[in-house]
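Observations on chain architecture
Residue-level listing of the chains:
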Amino acid sequence: MACEERGIDSNTFLFITTISMAKRERFQTPAGMRDILPAEQRLWKLFAEYAASVGSSYGFERIDTPIVEFSDLFRKGTGEGTDIVQKEMFSFATKGGDELTLRPEGTPPVIRAYLEHGMEKWTLPVKLFYLGPMFRHEKPQAGRRRQLHQFGVESIGEGDPVRDVQVMQVFFAILSKLKITDVRMELNTIGCSTCRPKYVRALKEYYRNHLKQVCADCRVRYKTNPLRLLDCKDEKCQRVKVSAPQMLDYLCEECRNHFKGVLELLDAVEIPYMLNPHLVRGLDYYTRTVFEIFQGEVSADPLQDAQKRLALAGGGGYDGLVKMLGGKDTPAVGGAMGIERVLAIVAGRSQEEYEYPGRARVFIVQLGGMAKKRALVFMEELRGANIKAGEAFGRESITAQLKVANKMGADLAIILGQKEVLDNVAIIREMDTGSQEIIPMAKLLDEIKKRLKKKSA
Ligand code: HAM
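Residues numbered from 1 in each chain as written. Predicted model: local features only at pLDDT ≥ 70, side-chain atom pairs only at ≥ 80, totals over all residues. Heavy atoms only, no water.

Once that is clear, we can look at the site of the ligand. The environment of the ligand is made up of 26 residues, and the closest members are Glu 105, Glu 138, Glu 154, Tyr 286 and Ala 311. One of the backbone N or O atoms of Gly 143 is found 3.3 Å from a nitrogen atom in the ligand. A distance of 2.8 Å separates an oxygen atom of the ligand from a polar side-chain atom of Arg 281. Relative to its free-state accessible area of 660 Å², the ligand is covered by the protein chains to the extent of 95%. Every element with two or more residues in the shell around the ligand is listed here: β6 (147-156), β10 (313-317) and β11 (332-338). In terms of residue count, β11 provides more of the shell around the ligand than any other element does, four residues in total. Looking at side-chain class alone, the shell around the ligand contains 10 nonpolar, eight polar and eight charged residues. (Near = heavy atom within 4 Å. Polar contact = N/O pair within 3.5 Å; in protein donor to acceptor, adjacent residues only side chain to side chain. Areas by Shrake-Rupley, 256 points an atom, 1.4 Å probe, with all protein chains shown as cover. Helix = DSSP H or I, 4+ residues; strand = E, 2+ residues; numbered from the N terminus. Nonpolar A, V, L, I, M, F, W, Y, C, P; charged D, E, K, R; others polar.)

Here it is in structure tokens:
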């Protein structure tokens, strides 16, 4: 209908349209960030509990640092020349004039905390783990988020190769608990401040003759951060990299021995690895061992593989960071795991594969108003006995309710109908076999406890 036919002029029409559009507008999460919905929370909780229990079994203790830190911590710690600092930080000025940044990674904050709380005086090594959100302004795509979550471990104060291997063991143990077995670890050493400069000179010499064949970013890296030339995902740069010199040929005696020690220990604990002589990491603080853990085999076409590679975890030594942030010369090593990437593998699997800590082991099925009331009262009794119970009060049919019980992974279902309420009994059903028995209400709680105990034994 034309505006004139409605009796309004075109400006008024535009105004009304804009208002009604604004009313209809729905907010969404910012790009690269997402909600973790109730249905996903079980897996997140499972990961957090597995990670914490593995971490503490290797002697790491939890630390939580603030989500924001002074921007300079990352400029100095992560490194001025890194992609994180150059392109990916969410930074802002506060009303008081401080320049803060949403943490893009956990290592500099942990070292800041180590120094701020005088942990240098604690028994070394200080072994800490953390779990929480990080923020990186990357191009959002599958496996790359702007709000990502990491589980990380840092072992500070001892330079023995055993510390490197212990960090790797933590990640392998978590993956194994989650039944992710098709993983491979790529390993390299990038030397130390004694031997690396010689290697970097050789690398620059090599790339000087290939500058026309690499991407524009790499021509900048050539000047600012030559080691990162090896980290470029561009296909033409990958081709140039194949014949580049390798750090292994330039190691000083100490770095060579350290790396040898790491390899021997990995063999001893039977952690499989592949040497990748061109593996470098995107952060500036690394020294000596660097590693990344991936799912699956290396593809037949290594160039294609390089572009698709998304590490589940990565880390390495960082012997200079404590000193750089104002402390003493202190060896350290650590790593972090991307929780979204790991859970993406597990999410498609049958949830029965996992033993969920804190899952509801008993499920109450009720039919009719009287039974619902009895169920509600009995659930309080269960709660008092510390037994978590599930329910689907909104569903009418017994089949629909048992389906939910199955999905929750309950061991027992307690079925209450009108007749059971009148007879003061309940039906107890073993969810795995389907066998059922009638039990007097007065004995029900004890019977549940007995059966659950037998199942846990
Ligand atoms: P990173 O390699 O930058 O290392 O990150 C560790 C892991 O976090 C990656 O392997 C990946 O699984 C995950 N990750 C990184 N960026 C994203 C993203 N945009 N979206 C989803 N997942 C992502 C560090 O952060 C170092 N602080 C690790 C470390 C600790 N090194 C020594 N100590």
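Working definition: an aromatic ring pair is given by the centre-to-centre distance plus the angle between the planes. Across all of its chains, the model carries eight aromatic pairs by this definition. Ring plane angle 75° and centroid distance 6.4 Å describe the contact between Phe 47 and Phe 151, whose orientation is recorded as edge-to-face. Of the two residues, Phe 47 sits in helix α3 (residues 38-57) while Phe 151 sits in strand β6, which places them 104 residues apart along the sequence. Of the two residues, Phe 47 and Phe 151, both sit in the buried class. Considering the side-chain rings of Phe 129 and Phe 151, the 5.6 Å spacing of their centres and the 45° angle between planes classify their relative orientation as tilted. Highlighted residues: Phe 129 in strand β5 (residues 126-135) and Phe 151 in strand β6, separated in sequence by 22 residues. You can call Phe 151 buried: its relative accessible area is 0%. Following the ring pairs from residue to residue traces out a cluster consisting of Phe 47, Phe 129, Phe 151, Phe 171 and Phe 291. Its guanidinium or amino end placed over the ring of Tyr 50, Lys 177 lies 4.9 Å from that ring's centre, counting from NZ or CZ. (Phe/Tyr/Trp six-rings, centres within 6.5 Å; stacked < 30°, edge-to-face > 60°. Buried < 20%, exposed > 50% of the residue type's maximum accessible area, 1.4 Å probe, protein only. Lys NZ or Arg CZ within 6 Å of the ring centre and 35° of its normal.)

In the structure shown here, the tally under the stated rule is three cavities of 30 Å³ or more. Taken as a whole, the largest cavity holds about 70 Å³ of empty space. Forming the boundary of the largest cavity are 13 residues, of which Asp 164, His 258, Gly 317, Asp 319 and Ala 332 lie nearest the centre. Of all elements in the fold, only β9 (287-295) and β11 reach the threshold of two or more residues within the lining of the largest cavity. When residues of the lining of the largest cavity are assigned to their parent elements, the largest contribution, three residues, is made by β9. Of the residues in the lining of the largest cavity, the class split is three nonpolar, five polar and five charged. (1 Å grid on protein atoms, 1.4 Å probe; cavity = no way out; pocket = protein on both sides within 12 Å on 5 of 7 lines; lining within 4 Å. Points joined across faces, edges and corners; volume = space filled by probe spheres on them.)

We now examine the pattern of salt bridges. Applying the stated criterion across every chain yields a total of 27 salt bridges. Here Asp 423 ties to Lys 419 by a salt bridge, and the two come within 2.7 Å at their closest N and O atoms. Taken together, the residues Asp 423 and Lys 419, both in helix α17 (residues 418-423) and four residues apart, mark about one turn of the helix. Residue classification places Asp 423 among the partly exposed positions, given a relative accessible area of 42%. Of the residues examined, Lys 419 reaches a relative accessible area of 55% and is grouped as exposed. (Salt bridge = Lys/Arg side-chain N within 4 Å of Asp/Glu carboxyl O.)

Another point: the sheet that holds strand β13 (residues 389-391). In spatial order, the strands read β13-β12-β14-β15-β16; together these five strands make up an open sheet with mixed pairing. A strand with exactly one partner marks an edge of an open sheet, and here the two such strands are β13 and β16 (436-440). Taking each pair of neighbouring strands and ignoring which way they run, the sheet shows an average axis angle of 30°. With respect to the sheet, helix α15 (residues 369-384) is in contact with β12 (362-366), β13 and β14 (412-416), its orientation differing from that of β12 by roughly 165°. Packing of helix α16 (residues 398-408) onto the sheet brings it into contact with β12, β13, β14 and β15 (425-430), and relative to β12 it is tilted by some 170°. (Pairing = 2+ DSSP bridges. Axes fitted to C-alpha atoms, helices over the stretch in contact; angles between N-to-C directions. Contact = heavy atoms within 4.5 Å.)

Ile 156 and Tyr 207 are the most contacted members of the largest nonpolar core, which totals 52 residues. The residues contacting Tyr 207, other than those within four sequence positions of it, are Val 214, Tyr 222, Leu 229, Leu 230, Val 240, Lys 241 and Ala 244. Val 54, Leu 175, Val 183 and Phe 291 belong to the second-largest nonpolar core, a separate cluster that totals 41 residues. (Core = buried A, V, L, I, M, F, W, Y, C linked by side-chain atoms within 4.5 Å.)

Moving on, we come to the side chain of Glu 420. By secondary structure assignment, the location of Glu 420 is in helix α17. Of the side chains bearing the opposite charge, Lys 419 lies closest to the buried Glu 420, which forms no salt bridge; the N-O distance is 6.1 Å. If near-sequence neighbours (up to four positions away) are discounted, Glu 420 is found in contact with Ile 415, Val 425, Ala 426 and Ile 427. (Lys, Arg positive; Asp, Glu negative; His and termini not counted.)

A few words now on the sheet that holds strand β3 (residues 90-93). Read from one edge of the open sheet, three strands run β2-β4-β3, paired in antiparallel fashion. Both outer strands of the open sheet, β2 (68-70) and β3, are each paired with one neighbouring strand and no more. Adjacent strand axes in the sheet meet at a mean angle of 35°, parallel and antiparallel pairs treated alike. Bridge analysis of β2 against strand β4 (residues 99-102) gives three bridges, and the strand direction is antiparallel. The residue bridging Phe 70 from the neighbouring strand is Leu 100, located in β4.

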